[in-house]
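A closer look at the structure
Given next are the chains, with one letter for each unit.
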Amino acid sequence: MGEKKKKIVKTIKIDVDKCNGCRACEVACSAFHASPQYSSNNPARSRIRLVRDPLTDIYLPVYAGEHAKAECMGRGKYVIDGKEYSECDFCRSACPSRDIFKEPDSGLPLKCDMCEDNPPGEKPLCVQWCLAEALTYEEREEEVEEEVRAEDIEVGLESMIDKYGLQKIMDTVSRMSASKKG
Ligand code: SF4
Ligand code: SF4
């Protein structure tokens, strides 16, 4: 059974109508995550990327999320306020079908870390540098059920087997389950 735990949920609200395509968010993020920090500002290393098409007035900031091992089988299209977007425009994944959200040297997927509380209490860098106020940072506290992950159980069991031996663990489990049934 899980325990209740307090969790800070961090959100960045994106107001697409306010974005003017300046790309300051990409510069700030890539500089912050450069190694050494602030030594370069290659937008290809940014964890926020701007989908930009001035001809159709599309300026869409997108954050890097979990990477996808395979590309999608099909593609959707969205028409919002008369502007046509590809489904991929909204996608947060580094995926085999495109270069976005991949570290340019290693090809490893990039993921927004909300700047990892660095320094604590500061807003994420992209939010601080978005002078058009298209990005707004919000934090809220939530009570969540702490999940027991299957991998954690396996790691725990393995160390108990190492310590007591498999037979002893199995005898104990069967004794416990017999007493639960009764
Ligand atoms: S929150 Fe931080 S890590 Fe995420 S995109 Fe913005 S600057 Fe980059
Ligand atoms: S800094 Fe703000 S206005 Fe500039 S591209 Fe990024 S989200 Fe858009």
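Residues numbered from 1 in each chain as written. Chains lettered and ligands numbered in written order. Predicted model: local features only at pLDDT ≥ 70, side-chain atom pairs only at ≥ 80, totals over all residues.

A closer look at the overall build of the protein chain
- Across its full length, the protein chain holds 5 helices and 6 strands.
- In the protein chain, the order of α-helices and β-strands from amino to carboxyl end is β-α-β-β-β-β-α-α-β-α-α.
- Here the C-alpha atoms of the protein chain give a radius of gyration of 23 Å, more than 25% beyond the 16 Å that 2.2 N^0.38 yields for 182 residues.
- Each principal axis of the C-alpha distribution contributes one length, and for the protein chain these read about 70 × 40 × 35 Å.
- Counting the 182 residues in the protein chain, one finds 17% classified as buried.
- The contacts of the protein chain with a sequence gap of at least 6 include a subset with a gap of at least 24, amounting to 61%. (Helix = DSSP H or I, 4+ residues; strand = E, 2+ residues; numbered from the N terminus. Rg over C-alpha atoms; globule rule 2.2 N^0.38 Å. Buried ≥ 20, exposed ≤ 12 C-beta atoms within 10 Å, placed from the backbone. Contact = placed C-beta atoms within 7 Å.)

Examining the domain arrangement of the protein chain
- Each assigned domain of the protein chain is listed with its residue range as follows: domain 1 (3-145) and domain 2 (149-181).
- Put simply, the middle of domain 1 and the middle of domain 2, counted by C-alpha atoms, are 43 Å apart. (Domains from an automatic or database assignment.)

Overview of the pairing of strand β4 (residues 77-80)
- Here β4 runs beside strand β5 (residues 83-86); their pairing, made up of 4 bridges, is antiparallel. Looking across to β5, one finds that valine 79 is bridged to glutamate 84.
- The loop that links β4 with its antiparallel partner β5 comprises 2 residues; one of these, aspartate 81, has a positive phi angle of about 50°. (Pairing = 2+ DSSP bridges.)

Description of unusual backbone geometry
- At the junction of serine 35 and proline 36, the peptide bond is cis and its omega measures out at -5° in the coordinates.
- Among the structural elements, proline 36 can be located in the loop between α1 (24-32) and β2 (48-53).
- Unlike most non-glycine residues, arginine 23 shows phi in positive territory, near 70°.
- If you trace the backbone, arginine 23 turns up in the loop between β1 (3-14) and α1.
- The backbone of phenylalanine 101 sits at a positive phi, close to 65°, despite the residue not being glycine.
- Checked against the element boundaries, phenylalanine 101 lands in the loop between α2 (87-90) and α3 (125-129).

Remarks on the site of ligand 1
- The local shell around ligand 1 holds 13 residues, among which Cys29, Ile48, Cys112, Pro124 and Cys126 are the closest.
- For the shell around ligand 1, the elements supplying multiple residues, two or more each, are α1 and α3.
- Looking at the shell around ligand 1, the element that brings in the most residues is α1, giving 3 residues. (Near = placed C-beta within 6 Å.)

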